[in-house]
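Listed below, chain by chain, are the residues.
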Amino acid sequence: MRPSFNFNAGPAVLPPEVMQQVKEELLDLQGTGLSILEISHRSKEYENINLETQRLIKELLKLPSGYDVLFLQGGASTQFAMIPMNFLTKGLAAGYVHSGTWSGKAIEEARKLGETVIVASSEAEQFRRVPDLQGLHAAPGTAYIHLTSNETIAGTQYHDFIHTGEIPLIADMSSDILSREMDVTNFSLIYAGAQKNLGPSGVTIVIVRRDLLETIPSGIPAIMNYRMHALNHSLYHTPPVFSVYVMNRVLKWIQNQGE
């Protein structure tokens, strides 16, 4: 098969081996006589794929116990709103690192929902570098600190992160999740659209520390509540079945490359 290269925005190229496997399984998934495009999300076959995909992400990222892996929809852009909806509670302020276009969009959404403070910025330098995190200062009572690990439009990326103590650190890793080893225990929540590194568009990964879920206030619509999705193992409503299935095959392929 001729290799393909895609340097456009949006979905990236998938491994040819995965594409071939998807092709072979498309009409009949594991002897069910049904396509993955038709199978019930309440079936045992899909529940097994769902749980195995969560397990693979935990293994590949070396997640310790105490973290949940969620599969949501709406891309990272929906997370721009869900994060402040869940964690920017009254009387607190959210701290944002402004490093380019995507962090800017996250800041815009947060400002609609509560007090939002820029704790570090490289805007004055036209985002030619990422802001220095070592000098970052967040006031007591900060709900969380949010950063974007890789600003694809500006072409900048963080190589190292910081410990923020008692303040939860949240990161948009849509463009570089699973592209390098890192200590995920620095973070209370990581989110990423799958379409850059892990599969087709349609599914968004959220990795969240379980104790952070306990801080979510009541009154948030269930579909926007991280705790609701965690309690239902990402099966609260119809999930993006095909996207999770392809991601499962990609993760297995990644795992096999390291063996």
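The paragraphs below set out a description of the structure included in this document. (Residues numbered from 1 in each chain as written. Predicted model: local features only at pLDDT ≥ 70, side-chain atom pairs only at ≥ 80, totals over all residues. Heavy atoms only, no water.)

Side note on the pairing of strand 3 (residues 116-121)
At step 1: Across 5 bridges, strand 2 (residues 93-98) lies against strand 3 in parallel orientation. Bridge pairing in strand 3 places Ala94 opposite Thr116.
At step 2: Note on the crossover from strand 2 through helix 4 (residues 101-111) to strand 3: the handedness is right-handed. (Pairing = 2+ DSSP bridges. Helix = DSSP H or I, 4+ residues; strand = E, 2+ residues; numbered from the N terminus. Right-handed = clockwise from strand over helix to strand, strands pointing away.)

As for the packing of helix 3 (residues 75-87) against helix 4
At step 1: For the pair helix 3 and helix 4, the least separation of the axes is 8 Å and the interaxial angle reads 45°. Put simply, helix 3 runs oblique to helix 4. Of the two elements, helix 3 crosses helix 4, and the hand of that crossing is right-handed. Within the contact between the two elements, helix 3 uses Phe80, Ala81 and Pro84 and helix 4 uses Trp102, Lys105, Ala106, Glu109 and Ala110.
At step 2: By residue class, the composition of the contact of helix 3 with helix 4 is 6 nonpolar, no polar and 2 charged. (Axes fitted to C-alpha atoms, helices over the stretch in contact; angles between N-to-C directions. Parallel < 35°, antiparallel > 145°, perpendicular 65-115°, else oblique. Left-handed = near helix turned anticlockwise from the far one by under 90°. Contact = heavy atoms within 4.5 Å. Nonpolar A, V, L, I, M, F, W, Y, C, P; charged D, E, K, R; others polar.)

Structural notes on the packing of aromatic side chains
At step 1: Here the structure, examined in full by the defined rule, presents 6 aromatic pairs.
At step 2: Between the aromatic rings of Phe242 and Tyr245, the centroid separation amounts to 6.1 Å while the plane-to-plane angle is 40°, which identifies the pairing as tilted. Of the two residues, Phe242 and Tyr245 are both situated in helix 7 (residues 241-257); the distance of 3 residues between them amounts to about one turn of the helix.
At step 3: Of the residues examined, Phe242 reaches a relative accessible area of 30% and is grouped as partly exposed.
At step 4: These aromatic residues form a ring-pair network of at least three members: Tyr158, Phe161 and Phe187. (Phe/Tyr/Trp six-rings, centres within 6.5 Å; stacked < 30°, edge-to-face > 60°. Buried < 20%, exposed > 50% of the residue type's maximum accessible area, 1.4 Å probe, protein only.)

Regarding the pattern of salt bridges
Two side chains of opposite charge can pair, provided their charged atoms sit close to one another.
At step 1: Using the criterion set out here, one finds 10 salt bridges in the structure.
At step 2: Glu52 is the partner of Lys252 in a salt bridge, and the nearest nitrogen-oxygen pair spans 3.3 Å. One end of the pair, Lys252, is in helix 7; the other, Glu52, is in helix 2 (residues 44-61), and 200 residues separate them in sequence.
At step 3: Among the residues examined, Glu52 registers a relative accessible area of 21% and is labelled partly exposed.
At step 4: Through salt bridges with shared partners, a single ionic network connects Glu52, Arg55, Glu59 and Lys252. (Salt bridge = Lys/Arg side-chain N within 4 Å of Asp/Glu carboxyl O.)

Here's the deal with the side chain of His41
At step 1: By the element assignment, His41 lies in the loop between helix 1 (16-25) and helix 2.
At step 2: Within polar-contact distance, the side chain of His41 engages the side chain of Arg42 at 3.2 Å.
At step 3: Filtering out sequence-adjacent residues up to four positions away, His41 remains in contact with Tyr46, Glu47, Leu235, His237, Thr238, Pro239 and Val241. (Polar contact = N/O pair within 3.5 Å; in protein donor to acceptor, adjacent residues only side chain to side chain.)

Here's the deal with the pairing of strand 9 (residues 204-209)
At step 1: Strand 9 sits mainly inside the fold: 5 of its 6 residues count as buried.
At step 2: Note that strand 8 (residues 189-193) and strand 9 share 5 bridges and pair antiparallel. The partner of Tyr191 across the bridge, within strand 9, is Val206.

Some words on the environment of Leu113
At step 1: Of note, Leu113 is situated in the loop between helix 4 and strand 3.
At step 2: Placed 24 residues apart in sequence, Leu113 and Thr89 show a C-alpha to C-alpha distance of 9.1 Å.
At step 3: Those residues within four positions of Leu113 in sequence are excluded, and the remaining contacts are Ala81, Pro84, Met85 and Leu88.

A look at the sheet that holds strand 4 (residues 142-148)
By way of backbone hydrogen bonds, the strands of a sheet pair with one another, either parallel or antiparallel.
At step 1: Ordered by their spatial adjacency, 7 strands build an open sheet running 1-9-8-7-4-2-3, and the pairing between neighbours is mixed. In this open sheet, the two edge strands, each paired with only one partner strand, are strand 1 (67-72) and strand 3. When the angles between neighbouring strand axes are averaged without regard to direction, this sheet yields 20°.
At step 2: The strands touched by helix 3 within the sheet are strand 1, strand 2, strand 4, strand 7 (169-172), strand 8 and strand 9, with strand 8 carrying the most contacts at an inclination of about 155°.

Considering helix 1
At step 1: All of the buried residues along helix 1 are Val18, Val22 and Glu25. Buried residues along helix 1 cover an arc of 75° about the axis, so they all sit on one side. Facing away from the buried side of helix 1 by more than 90 degrees, the exposed set consists of Lys23 and Glu24.
At step 2: Buried positions along helix 1 lie against helix 7. (Arc of directions from axis to C-beta.)

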